[in-house]
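In case you want the letters, here they are:
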Amino acid sequence: MPAPHDAVATRGPVRVVGTGLLGASLGLALRTAGVDVQLADLSPTAQALARDLGAGDLTAPDSPEPTLVVVATPPDVAGPTVVAELAAHPDAVVTDVASVKALIAEEVEAGAGADAARYVGSHPMAGRERSGAAAADADLFAGRPWVVVPGPRTTSEAVLTVRALAADVGATPVTLGAQEHDDAVALVSHLPQLAASLVAARLPGAPESALGLAGQGLRDVTRIAASDPMLWAAILVGNAGPVAHALRALRGDLDTLLDALELARDTGPLGNGSTGPLARVIDAGNRGVARIPGKHGGAPRRYGEVTVLVPDQPGALGRLFGEVGELGVNIEDLQLEHSAGQRVGLAALSVLPGSVAALEAGLTERGWRVVAQ
Ligand SMILES: NC(=O)c1ccc[n+]([C@@H]2O[C@H](COP(=O)([O-])OP(=O)(O)OC[C@H]3O[C@@H](n4cnc5c(N)ncnc54)[C@H](O)[C@@H]3O)[C@@H](O)[C@H]2O)c1
Ligand SMILES: O=C(O)C(=O)C[C@]1(C(=O)O)C=C[C@@H](O)C=C1
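From a predicted model like this one, the values you see are computed outputs, not experimental measurements. (Residues numbered from 1 in each chain as written. Chains lettered and ligands numbered in written order. Predicted model: local features only at pLDDT ≥ 70, side-chain atom pairs only at ≥ 80, totals over all residues. Heavy atoms only, no water.)

**Some details on the confidence of the model for the protein chain**
- For the protein chain, per-residue confidence averages 92 on the pLDDT scale, and 94% of positions sit at 70 or higher.
- Scored below 50 in pLDDT, residues 295-301 shows seven contacts in the model against residues more than four places distant or in partner chains.
- As scored by the predictor, the complex reaches a pTM of 0.82 and an ipTM of 0.99. (pLDDT = per-residue confidence, 0-100. Contact = heavy atoms within 4.5 Å.)

Now the structure itself:
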């Protein structure tokens, strides 16, 4: 097993319950960082596969108690599983990675009582259209936002533990409320899944001659239509209100398009009033696509941000500032996250956008652990 990286904050063992795509990817990423991982799954085959791929070890009667439990089951069983894990591991922080958050927060609040202080919801915005450990990837989380959702009772130590987990696997922790998260993912994740599925669902009955003409456009729009139907059904019913809201707005736009197209069909392509609505939808799409951040996952900012893990040692922060200066970069703003008893903190350095890449490279070369944005 590799030695823990100095700047890795997560001290294992980390227990991963549900060893499919997400659980096995997390196991692989943590093992790469030198953290001990214990694997558990309802399916003996799924957990054996994850172990054989190097994502961790199976639990044995003499396995040490985990410090952190990550529930990576489908969302419909995540709440009860979190409650059971909180009870079974009374000293551990417990999180889940399910794609919906408000429903699970309610289930944990109702089922766990005071233990809910050790629960933090979370959701890595990273995944793919295939399920199971065979599709796992140690780099799945690198550079992706990882939403952290504290509940009303959650302690700040528990929040920091989960933020550090995200950072240790290369993700960028982003704190949101449960409903705020669910509304956001209805628009940026659940609606796109349905749109891709709806377009691809037109294809089973299509003639071979039409499918033979399929180009990159169809492939770009339908990649995620290959996702697991059962998993996605559980995600969609778990976020029914916000998804229905987003889908109704889409239906309004579809009705506008239909009216314009039927007008053009009936009055000819240059008929009065049909071109405008069509061009407006395409134009709105241009403006929408321009707003999607790259892999940064954040709103456009005046400054770029470089986030660095700083060991909790006298002089560490001073050394970091000194080395940023030696690299010729000015710190425009600074945010520190640290909690008593934790062995590292996160320093978010705001710098001019043009300095970000060089600063990240320079600090990494000097041995600092830079958290990908
Ligand atoms: N797939 C994605 O792109 C993605 C991305 C981010 C988050 N998520 C979330 O992560 C979670 C897991 O998704 P996945 O894609 O890894 O699914 P998956 O199907 O690949 O893996 C789920 C695993 O959970 C196991 N499982 C089911 N019920 C269980 C139980 N009660 N106890 C223990 N194990 C159980 C299954 O046997 C399976 O191995 C879901 O909640 C999903 O919403 C998925
Ligand atoms: O890229 C993909 O394949 C995904 O489906 C990833 C994606 C997303 O919509 O971004 C899907 C669902 C998860 O809850 C989080 C991430």
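**Quick notes on the site of ligand 2**
- As a structural note, the neighbourhood of ligand 2 is formed by Ser99, His123, Pro124, Ala126, Gly127, Arg128, Glu129, Ser189, Arg223, Ile224 and Trp232.
- His123 has a polar side-chain atom sitting 2.6 Å from an oxygen atom of ligand 2.
- Burial of ligand 2 by the surrounding chains reaches 81%, relative to a free accessible area of 380 Å².
- When grouped by side-chain class, the residues that make up the shell around ligand 2 number four nonpolar, four polar and three charged.
- Both domains that furnish three or more residues to the shell around ligand 2 are identified here as domain 1 (14-176) and domain 2 (183-290). (Near = heavy atom within 4 Å. Polar contact = N/O pair within 3.5 Å; in protein donor to acceptor, adjacent residues only side chain to side chain. Areas by Shrake-Rupley, 256 points an atom, 1.4 Å probe, with all protein chains shown as cover. Nonpolar A, V, L, I, M, F, W, Y, C, P; charged D, E, K, R; others polar. Domains from an automatic or database assignment.)

**Quick notes on the packing of aromatic side chains**
- The tally for this structure, following the rule as stated, stands at one aromatic pair.
- On the numbers, 5.3 Å between centres and 45 degrees between planes, the contact of Phe141 with Trp146 is tilted.
- Judged by relative accessible area, which is 0%, Trp146 ranks as buried. (Phe/Tyr/Trp six-rings, centres within 6.5 Å; stacked < 30°, edge-to-face > 60°. Buried < 20%, exposed > 50% of the residue type's maximum accessible area, 1.4 Å probe, protein only.)

**Here's the deal with the site of ligand 1**
- Taken together, 26 residues lie around ligand 1, and Leu22, Asp41, Thr73, Ser99 and Gly132 are the ones closest in.
- Measuring from an oxygen atom of ligand 1, one finds a backbone N or O atom of Arg128 at 3.2 Å.
- When ligand 1 is considered free in solution it has 830 Å² of accessible area, and contact with the protein chains removes 84% of it.
- Breaking the shell around ligand 1 down by element, the ones donating at least two residues are α1 (21-32), α3 (75-88), β6 (119-124) and α9 (229-238).
- Per-class residue counts for the shell around ligand 1 are 15 nonpolar, nine polar and two charged. (Helix = DSSP H or I, 4+ residues; strand = E, 2+ residues; numbered from the N terminus.)

**Thoughts on the sheet that holds strand β7 (residues 145-150)**
- Pairing within the open sheet is mixed, and its eight strands lie in the order β3-β2-β1-β4-β5-β6-β7-β8. In this open sheet, the two strands that pair with only one neighbour each are β3 (57-58) and β8 (172-175).
- In the sheet, strand β1 (residues 14-17) pairs with strand β4 (residues 68-71) via four bridges, with the strands oriented parallel. Paired with Val17 across the bridge in β4 is Val71.
- Sitting on the sheet, α3 touches β1, β4, β5 (93-96) and β6, and the angle it makes with β4 is about 165 degrees. (Pairing = 2+ DSSP bridges. Axes fitted to C-alpha atoms, helices over the stretch in contact; angles between N-to-C directions.)

**A closer look at the nonpolar core**
- Counting 36 residues, the largest nonpolar core has Leu26, Leu30, Phe141 and Trp146 as the members making the most contacts within it.
- Those elements giving two or more residues to this core turn out to be β1, α1, β2 (37-40), β4, β7 and α5 (156-168).
- Top element by residues in this core is α1. It accounts for seven residues.
- Counting 21 residues, the second-largest nonpolar core is a separate cluster that includes Val17, Val94, Ala98 and Val108. (Core = buried A, V, L, I, M, F, W, Y, C linked by side-chain atoms within 4.5 Å.)

**Focus on α9**
- Among the residues of α9, those classed as buried are Trp232, Ala234, Ile235, Leu236 and Gly238.
- The elements touched by buried residues of α9 are α3, α4 (102-112), α6 (178-200) and α10 (240-267).
- Of the residues that open α9, the one with a side-chain oxygen 3.2 Å from the backbone nitrogen of Met230 is Asp228.

**Thoughts on the pattern of salt bridges**
- For the structure on display, the rule yields twelve salt bridges.
- Among the salt bridges present, the one from Arg118 reaches Asp115, with a minimum N-O distance of 3.1 Å.
- Residue class for Arg118 comes out buried when judged on its relative accessible area of 15%.
- The partner of Glu326 in a salt bridge is Arg366, with the nearest N and O atoms 2.8 Å apart. In this pair, Glu326 sits in helix α12 (residues 316-326) while Arg366 sits in the loop between α13 (356-365) and β12 (369-371), placing the two residues 40 residues apart along the sequence.
- On the basis of relative accessibility, which here comes to 37%, the residue Arg366 falls in the partly exposed class.
- A single salt-bridge network, built from bridges that share partners, covers Arg319, Glu323, Glu326 and Arg366. (Salt bridge = Lys/Arg side-chain N within 4 Å of Asp/Glu carboxyl O.)

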